[in-house]
Amino acid sequence: MMSSIIRQDLSTKDWTIFSVKRAARPRDYKEIKDSKLIKKYEPDCPFCLGNEEKTPEEILLINGGKDWSVRVVGNKYPAVEAREAFGDRYYNRRHIEGPYLSIDGVGKHEVIIESPWHDDNLVKMDVKHVEKVISAYRKRFIDISSEPENQLVIIFKNHGRRAGTSLDHPHSQLVATPFVPGYIRNKMFESQRYYDDFGRCVYCDIIDYEMKSKERLVHVNDKYLAVAPYASVVPYNVVIYPKEHQACFAEISKGDLLDLAGVLQIVLKKLYSLLDDPDYNFVIDSSPINQSGNRHYHWHIEILPRLSTRAGFEIGSGMNMNSILPETCAENLRNQKVQVL
Ligand SMILES: [Zn+2]
Ligand SMILES: [Zn+2]
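All values derive from a computational prediction rather than experimental measurement. (Residues numbered from 1 in each chain as written. Chains lettered and ligands numbered in written order. Predicted model: local features only at pLDDT ≥ 70, side-chain atom pairs only at ≥ 80, totals over all residues. Heavy atoms only, no water.)

(A) Here's a closer look at the packing of helix α1 (residues 127-145) against helix α4 (residues 257-275). Between α1 and α4, the least distance of the axes is 8 Å, while the angle of their chain directions is 115°. In terms of orientation, α1 lies roughly perpendicular with respect to α4. Between α1 and α4 lies a crossing whose hand is right-handed. Between α1 and α4, the residues in contact are V127, K128, V130, E131, I134, S135 and R138 and L257, L258, L260, A261, G262, L264 and Q265, respectively. (Axes fitted to C-alpha atoms, helices over the stretch in contact; angles between N-to-C directions. Helix = DSSP H or I, 4+ residues; strand = E, 2+ residues; numbered from the N terminus. Parallel < 35°, antiparallel > 145°, perpendicular 65-115°, else oblique. Left-handed = near helix turned anticlockwise from the far one by under 90°. Contact = heavy atoms within 4.5 Å.)

(B) Up close: α4. End to end, α4 covers 27 Å across 19 residues, agreeing with the expected 27 Å (1.5 Å per residue, within 8%). Turning to α4, its buried residues are L257, L260, A261, G262, V263, L264, Q265, V267, L268, K269, K270 and L271. Just past α4, the residue D276 takes up positive phi, approximately 60°. (Expected span 1.5 Å × (residues − 1). Buried < 20%, exposed > 50% of the residue type's maximum accessible area, 1.4 Å probe, protein only.)

(C) Representation of the coordination of the zinc ion (ligand 2). Only C201 (SG), C204 (SG), H245 (ND1) and H298 (ND1) from the protein coordinate the zinc ion (ligand 2), and they sit 2.0 to 2.3 Å from it. Mapped onto the sequence, the donors of the zinc ion (ligand 2) take the spacing C-x2-C-x40-H-x52-H. Highlighted residues: H245 in the loop between β12 (238-242) and α4 and H298 in the loop between β13 (280-285) and β14 (300-305), separated in sequence by 53 residues. Looking at H298, the relative accessible area reads 0%, which means it is buried. (Donors = N, O, S within 2.8 Å, 3.2 Å for Na, K, Ca; no water.)

(D) Region of interest: the packing of aromatic side chains. Within this structure, the stated rule accounts for 8 aromatic pairs. Between F249 and W299, the aromatic rings sit 5.1 Å apart at their centres with planes inclined by 85°, giving edge-to-face as the arrangement. Linking F249 in the loop between β12 and α4 with W299 in the loop between β13 and β14, this pair joins segments that are 50 residues apart in sequence. One aromatic cluster is present, formed by F141, Y224, F249 and W299 through successive ring pairs. Against the face of W117 rests K40, its NZ or CZ located 4.2 Å from the ring centre. Over the ring of W68 we find R71; its NZ or CZ atom is 6.0 Å from the centre of that ring. (Phe/Tyr/Trp six-rings, centres within 6.5 Å; stacked < 30°, edge-to-face > 60°. Lys NZ or Arg CZ within 6 Å of the ring centre and 35° of its normal.)

(E) Representation of the coordination of the zinc ion (ligand 1). Coordination of the zinc ion (ligand 1) by the protein comes from C45 (SG), C48 (SG), H118 (ND1) and H169 (ND1), over a distance range of 2.0 to 2.3 Å. Around the zinc ion (ligand 1) sit 4 donor atoms, and with donor-metal-donor angles ranging over 105 to 117° the site reads as tetrahedral. Read in sequence order, the donor residues for the zinc ion (ligand 1) give the motif C-x2-C-x69-H-x50-H. (Tetrahedral: all angles 85-135°; square planar, octahedral: opposite > 155°, others 65-115°.)

(F) Highlighting the pattern of salt bridges. Under the definition given, this model contains 13 salt bridges. Close ionic contact of R216 with E215 constitutes a salt bridge, the shortest N to O distance being 3.8 Å. By relative accessible area, which is 4% here, R216 ends up buried. A salt bridge links K223 to D256; the nearest nitrogen and oxygen atoms lie 3.6 Å apart. One end of the pair, K223, is in the loop between β10 (217-220) and β11 (224-227); the other, D256, is in the loop between β12 and α4, with 33 residues separating them in the sequence. Judged by its relative accessible area of 36%, K223 falls in the partly exposed class. Each of E110, K139, R140 and D143 takes part in salt bridges that share partners, so that together they form one network. (Salt bridge = Lys/Arg side-chain N within 4 Å of Asp/Glu carboxyl O.)

Here it is as structure tokens:
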């Protein structure tokens, strides 16, 4: 079967990954909203404890052995593939067809299985377990950063059908790409320009202002803050920032993982209770690998509940339309009690 190929739109410089293997993905997502109806073990689920032989190669185990806590494996239906998949061809090769450009789809596509239990959920786990999930993110991010073909690492979670989940066992994913796409390149460019103008990181300035104003704060702990952004792109959009300036997710220290797990879980619990377990995506947005340590970019986690659909105007204009002000969302989230689930 053809390996992954990445084509460039000549008019916009945007890229599309073509991976025909992904068409064979099973879709066993059942959308069971009543958590009491989800079983702890599903015999056919490749991610359940005891079914380890159903997944591709194991890459990382947290709390190794039979009673693993978090398990990282290759994606069985990868969007991009390790360089070995391209045979003896020179990896990262460019291909020209008439005016068009494409690149071999070299990279990494991994699954972080967040729990051995099918009915588990980031909002239900002990916060120490969420810390283990984030420590798996960190370990893989750092290891993948040392491989020369990878330029950008994106770690993300799709929760629920509207967020693109295909398997309901709790998991997140990691994709490493062989170039920096335009969306990230533009954010890097704008933060660099702000740094040129003012000599400060734009995100550090946002953090300082939000900490003082408090109007859009959702939650704060020692090391992190969660904010409903001033120009939120969707209702209940929340962003988590490290208070200290860090350009790249790989710069996070082991000692900060529990605080990050704490703020992430509290935000997810508040969204769960307030919006009745909404579908959502979260994404770790970080500097590209070869720009870690820079002074102008500041990694963060974007949380995007899927309450609305991106429609014609948004597609046509690249703008967002949002029906709720972030000040209202932040107030509702602050007032939402964190429940034991
Ligand atoms: Zn399962
Ligand atoms: Zn900063």
